[in-house]
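# A look at the structure
Now for the letters of each chain:
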Amino acid sequence: MIELINLTKKYNDFTAVNNLNLVVEKGEIFGFIGPNGAGKTTTINMMGGVLAPTSGFVMICGINIQNHPKKAKSKIGYIPDRPYLYEKLTGMEFLKFISDLYGVDENNFLYRSREKLRLFSLSEWADDLIESYSHGMKQRLIMAAALLHDPEVIIVDEPMVGLDPLVINMVKSLFKQLAKNGVTIFMSTHTLKVAEDICDRIGIIHKGSLVATGTAEDLKSNIQNKSADLEEIFIKLTEE
Amino acid sequence: MKDVITLLKPRFLSFKNKGLLKNNSGRGYKLALFGFFGILFWGGIFIVSFRVISYFKGIEGFGDILAYKLLSMILLTFFSLLIFSNILTSLSKLYLSRDLSLLNSMPVPIYKIFIARWIESTVDSSWMVIVYTIPVFISYGIVYRAGFIFYGNMFLVILILSVISAGISVVLIMIVVNFVPANRIKNIFIFIGLSFFLILFFAFRFLRPERLVDPEVFSNVLFYLKSLKSPAPLYLPSTWVFDSMKATLSGHIMEGMFHSVLSLSWAGVMVCSAIIISNYYYFNGVSKTQTAQVRLFKYSYSGRRFPIFLPRFCRALMSKEIRTFFRDQTQWSQLFLIAALVVIYVYNFNALPLEKAPIKTIYLQNLLSFLNIGLAGFVLITITARFAYPAVSSEKDAFWLVKSAPIDLKHYLWIKFFVYFLPLFVLTEILIIATNILLKVTFFMMVLSVVDIFLLVPGVVSMGIGFGAAYPDFKSENPAQTVTSFGGLMFMMVCAVYVGAVIIIEAEPVYRLFMANIKGNVLTVFEWVWVLGSFTLVFSLSIAAVMVPMKFGEKRLLKMLI
């Protein structure tokens, strides 16, 4: 479960995220959408413990990430939008690195890592240096690494960027399956179709504030247009 | 030409817009600091070259021959440096830059992209070499009382030589890139260049130039140099520039102009040839560089645990650090350079003519041993600046992995500390013990040196890691260069003050202890208090030097936006 309580981030005079309050329940897939520069990545970075908030709290499974970062982070699978990795490690070495940091059972490491590599079609590249991987392959490796320690919460920024349609389909099914098993997924995306397909609830952020939350149906009634699709809702709620 | 100027504009604009950044209040201060050191260095080169040239010219009978011989050698070195620097920079600018895909997608002829990039590369690779060799040439003008034409001509021929070097380098690179990938050439070239430099350096050092102080040896050398009247190779552009400078120095203006125009015409030929060749070969080379490098030695994951007695997160971070370090081929040449530095350092102590000194050998040996602690400390600072200081910046954009992982930044920094502390400690102790053995110092001095190094190394390494964490540059393409930034400069200054302070605090007590030991005297109570107080102060200072920078780095890194 994720709780954002009065979460605010300011960069000098600019408020990137303004007093955000949100609860994402266990086993829920929450889609976070908004225009460029609305504060999506800043929110996600604060949730992942990469960025400290100016005020407010992030609670991961009831743990305050500011007060107990190690405990909270060990429950998260964090997937950023840009796949920056250690280029001089091989895919397998990178997974080992992550498994050691997150304390994955050492006896199971080989089995689990091979399973994840197979899932993301990276098996034949396992012993190649990451510097030789394409953008999509790096993105897939980050996903494999994020799932290696069976996280209770997955925080993912633009999960489908750089992935081919087959992998997108696989990731969608995987997220649905994980949510069924009780994993909480917080996902920011610009691909409204993906949000509509897999998210239980959607939040729209604009200029750092949450302007609407709810199921697709809730959002439609919000703009008083039952036949509108998510794109129309998005445009209506974020237009200047 | 309009397209070329447009392609160059982002560079000018990024430079101009640096001033627009928020939180940029320290920029003026940084510029002033760098400017001060730059001018200091420039002035130093001027004073040294002026004195050397004046001295050479003043030698009766063959002063001019020596001075011109030196000028010819300087120009040849200048030309070689330009070629070396141009090859490395043009490889980066023309083939390895991140923005090349964007540039090549634009509706601009390929030769124009080449020209824009080549101009940037030539300026980047030449400006520093030019700025720091100009004081040498100005010294020649002053010593030879040359007229204004010499100085005007000097600037012209230096620029011409830079263009010729850039032309030769880029033509060479455009051809070779078609056979060997650009990144591999860069590494190979750095390695070859460094080896060549080291061979020359070793050859020079083992010739024992200090013997020139001996009048008998010096007169033989002068006689030998006088006999070297063979002209410099005519096919080298540096020879044409030398001829031009020599003629204008001695007042033969027309002859000087002839050689300048000759050089200018060759520069024109090089520019035209490079542009024509670029139209056929440049894009092909860029395309080849885009393909991923093939790994030379590929092996399957072994599951080997390293080192087993440590907690898992320590193992993970240590093995990552060591693997990424040794797989980065640019580090190899640096290790090679350090090995050479150690050999030369130890050899210098072996070659010291202590027996000829007017001071009693035992005093001199031990005095040198004491000063050697400071000297080894400065070698340690240099190596730490190259390896430990960039350690945090070398995470580059992948630093998010550390920030999002369930580990403390404090532990992360301490692991970095130990990775660099162990090899640097061993290296510095080897340096100090080997040189002390060569100096045949007393047991007391040997123990003192070993203990002092034991105290200095953690402090210096901690400052390297701490300042590197406080002022990281995760966007730098070459993290090793981050040491030239404000944080790097701060690190070196604070380290120098720390090492200097340790030496100064210990100087008097060590002298008293040493003399008492030699003469068999007993120290007074006051002297004992002083000795103990000094060593306690050094010990406390060293503890602070370890703890404070690490805390400082951790605090700043925690607040850092990535």
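Residues numbered from 1 in each chain as written. Chains lettered and ligands numbered in written order. Predicted model: local features only at pLDDT ≥ 70, side-chain atom pairs only at ≥ 80, totals over all residues.

### Focus: the overall build of chain A
Of regular secondary structure, chain A possesses nine helices and ten strands. For 240 residues, the compact-globule formula gives about 18 Å, and the C-alpha radius of gyration of chain A, at 18 Å, lands near that figure. Projected onto its principal axes, the C-alpha positions of chain A cover 55 × 40 × 35 Å. Within the span of chain A, comprising 240 residues, buried residues form 46% of the whole. Here the analysis covers contacts within chain A between residues at least 6 apart in sequence; of these, 69% occur between residues at least 24 apart. (Helix = DSSP H or I, 4+ residues; strand = E, 2+ residues; numbered from the N terminus. Rg over C-alpha atoms; globule rule 2.2 N^0.38 Å. Buried ≥ 20, exposed ≤ 12 C-beta atoms within 10 Å, placed from the backbone. Contact = placed C-beta atoms within 7 Å.)

### Describing the overall build of chain B
The number of helices and strands found in chain B is 18 helices and zero strands. Within chain B, the fraction of its 562 residues that count as buried is 32%. Within chain B, contacts between residues separated by at least 24 positions form 84% of all contacts whose residues are at least 6 apart in sequence.

### What to know about the interface of chain A and chain B
Taken together, the 29 residues of chain A in the interface contact 29 residues of chain B. Those elements giving two or more residues to the side of chain A that touches chain B turn out to be helix H2 (69-73) and helix H3 (91-102) of chain A. With six residues, H3 of chain A is the largest single contributor of residues to the side of chain A that touches chain B. Within the side of chain A that touches chain B, the residues separate by chemical class into 15 nonpolar, seven polar and seven charged. (Nonpolar A, V, L, I, M, F, W, Y, C, P; charged D, E, K, R; others polar.)

### Side note on the environment of Ala216 of chain A
Residue and element names in this part refer to chain A. Relative to the elements of secondary structure, Ala216 occurs in helix H8 (residues 216-222). Sequence separation between Ala216 and Leu230 is 14 residues, and the spatial gap between their C-alpha atoms is 7.1 Å. In contact with Ala216, not counting residues within four places along its chain, are Glu196, Ile202 and Leu230.

### A look at helix H4 (residues 109-119) of chain A
Residue and element names in this part refer to chain A. Along H4, the positions that sit buried rather than exposed are Ser113, Lys116 and Leu117. Seen end-on, H4 carries its buried residues on one side only, within an arc spanning 100°. Residues of H4 that are exposed and point more than 90 degrees away from the buried face comprise Tyr111 and Arg118. At the exit of H4 stands Ser121, carrying a positive phi of roughly 55°. (Arc of directions from axis to C-beta.)

### Things to note about the packing of helix H13 (residues 361-387) of chain B against helix H17 (residues 486-519) of chain B
All names here are of chain B. Between H13 and H17, the shortest axis-to-axis distance is 10 Å and the interhelical angle comes to 165°. With respect to H17, the element H13 is oriented roughly antiparallel. Crossing handedness for the pair H13 and H17: right-handed. Along its contact with H13, which presents Asn366, Phe370, Ile373, Gly374, Gly377, Phe378, Ile381 and Ala385, the element H17 presents Gly488, Phe491, Met492, Cys495, Ala496, Val499, Ile503, Val510 and Phe514. Within the contact of H13 with H17, the residues separate by chemical class into 13 nonpolar, four polar and no charged. (Axes fitted to C-alpha atoms, helices over the stretch in contact; angles between N-to-C directions. Parallel < 35°, antiparallel > 145°, perpendicular 65-115°, else oblique. Left-handed = near helix turned anticlockwise from the far one by under 90°.)

### With respect to the sheet that holds strand E4 (residues 55-60) of chain A
All names here are of chain A. As summarised here, the arrangement of the four strands in space is E2-E1-E4-E5, forming an open sheet in which the pairing is antiparallel. Pairing within the sheet leaves two strands with one partner each, and these edge strands are strand E2 (14-24) and strand E5 (63-64). Two elements, E4 and E5, share two bridges in a ladder whose sense is antiparallel. Looking at the pairing, Ile60 lines up with Ile63 of E5. The strands touched by helix H1 (residues 40-47) are strand E1 (2-11), E2 and E4; relative to E1, the strand with the most contacts, the crossing angle is about 120°. (Pairing = 2+ DSSP bridges.)

### Digging into H3 of chain A
Here H3 of chain A spans 17 Å end to end across twelve residues, near enough to the 16 Å set by a 1.5 Å rise per residue. The buried count for H3 of chain A comes to twelve of twelve residues, which makes it a mostly enclosed element. Buried within H3 of chain A we find Gly91, Met92, Glu93, Phe94, Leu95, Lys96, Phe97, Ile98, Ser99, Asp100, Leu101 and Tyr102 of chain A. Buried residues along H3 of chain A sit in contact with H4 and helix H5 (135-147) of chain A together with helix H11 (312-327) of chain B. (Expected span 1.5 Å × (residues − 1).)

### Section: the packing of helix H6 (residues 148-176) of chain B against helix H10 (residues 253-290) of chain B
Residues and elements named next belong to chain B. Close contact between H6 and H10 brings their axes to 8 Å; oriented N to C, the two are set at 25°. As far as their axial angle goes, H10 and H6 are roughly parallel. As H6 packs across H10, the resulting crossing turns out to be left-handed. Here the residues of the contact of H6 with H10 sort into 21 nonpolar, eight polar and no charged.

### A word on the sheet that holds strand E7 (residues 153-157) of chain A
Residue and element names in this part refer to chain A. The mixed open sheet is built from six strands, whose spatial order is E6-E7-E8-E3-E9-E10. Strands with a single pairing partner mark the edges of an open sheet, and in this sheet they are strand E6 (76-79) and strand E10 (209-214). On average, adjacent strands in this sheet sit at an angle of 15° to one another, irrespective of strand direction. Taken together, the four bridges between strand E3 (residues 29-33) and strand E8 (residues 184-188) define a ladder with parallel strand orientation. Bridge pairing in E8 places Ile29 opposite Ile185.

### Some remarks on the nonpolar core
Ranked by size, the top nonpolar core spans 131 residues in total, and within it Phe94, Leu141 and Ala144 of chain A together with Tyr420 of chain B carry the most contacts. Residues contacting Tyr420 of chain B, with those up to four places away along its chain left out, are Phe387, Ala388, Ala391, Val461, Gly464 and Ile465 of chain B. Core analysis: the second largest hydrophobic core is formed by 51 residues, Leu82, Leu94, Ala116 and Met174 of chain B among them. (Core = buried A, V, L, I, M, F, W, Y, C linked by C-beta atoms within 7 Å.)

### Looking at the confidence of the model for chain B
All names here are of chain B. Per-residue pLDDT for chain B averages 84, and the proportion of residues at 70 or more is 87%. Mean pLDDT in chain B bottoms out at helix H8 (residues 215-227), which sits at 60, and peaks at helix H16 (residues 443-470), which reaches 94. Here the complex is predicted with pTM 0.76, and the ipTM for its interfaces comes to 0.88. (pLDDT = per-residue confidence, 0-100.)

### Points about the domain arrangement of chain B
Quite often, the size of an interface is put as the accessible area lost when its parts meet. What the domain assignment reports for chain B is domain 1 (2-13 + 37-288) and domain 2 (316-559). When each unit is reduced to the centre of its C-alpha atoms, the spacing between domain 1 of chain B and domain 2 of chain B is 36 Å. (Domains from an automatic or database assignment.)

### With respect to the environment of Tyr140 of chain B
Residues and elements named next belong to chain B. Following the sequence through the fold, Tyr140 ends up in helix H5 (residues 110-143). Spatially, the C-alpha atoms of Tyr140 and Ser49 are 8.4 Å apart, while their sequence positions differ by 91 residues. Here Tyr140 is in contact with Ile53, Leu71 and Leu249, once residues within four sequence places are set aside.

### Looking at the pairing of strand E9 (residues 201-206) of chain A
For a regular strand, side-chain orientation follows a simple rule: the groups alternate between the two sheet faces. All names here are of chain A. Here four bridges tie E3 to E9, and the two strands are oriented parallel to one another. Across the sheet, the residue bridging to Phe30 is Arg201, located in E9. With five bridges connecting them, E9 and E10 associate as antiparallel partners. Paired with Ile205 across the two strands is Leu210, which belongs to E10.

### Some points on unusual backbone geometry
Residue and element names in this part refer to chain A. Phi at Asn6 is positive, roughly 50°, even though this residue is not glycine. Structurally, Asn6 can be placed in strand E1. Asn6 gets classed as exposed once you count the C-beta atoms within 10 Å, which come to 12. With a phi close to 50°, Glu158 is a non-glycine residue in the positive phi region. Within the secondary structure, Glu158 sits in the loop between E7 and helix H6 (165-180).

### A word on the pairing of E6 of chain A
Residues and elements named next belong to chain A. The two faces of E6 match: Ile76 and Tyr78 on one face and Gly77 and Ile79 on the other face are all buried. Here four bridges tie E6 to E7, and the two strands are oriented parallel to one another. By the bridge assignment for E7, Ile76 is matched with Val153.

### Some points on the environment of Ala388 of chain B
Residue and element names in this part refer to chain B. Along the chain, the position of Ala388 falls in the loop between H13 and helix H14 (399-404). For Ala388, a count of 28 C-beta atoms within 10 Å translates into the label buried. Residues Ala388 and Asp452 lie 64 residues apart in sequence; the distance between their C-alpha atoms is 20 Å. Ignoring anything within four residues of it in the chain, the contact list for Ala388 reads Tyr420, Val461, Gly464, Ile465 and Gly468.

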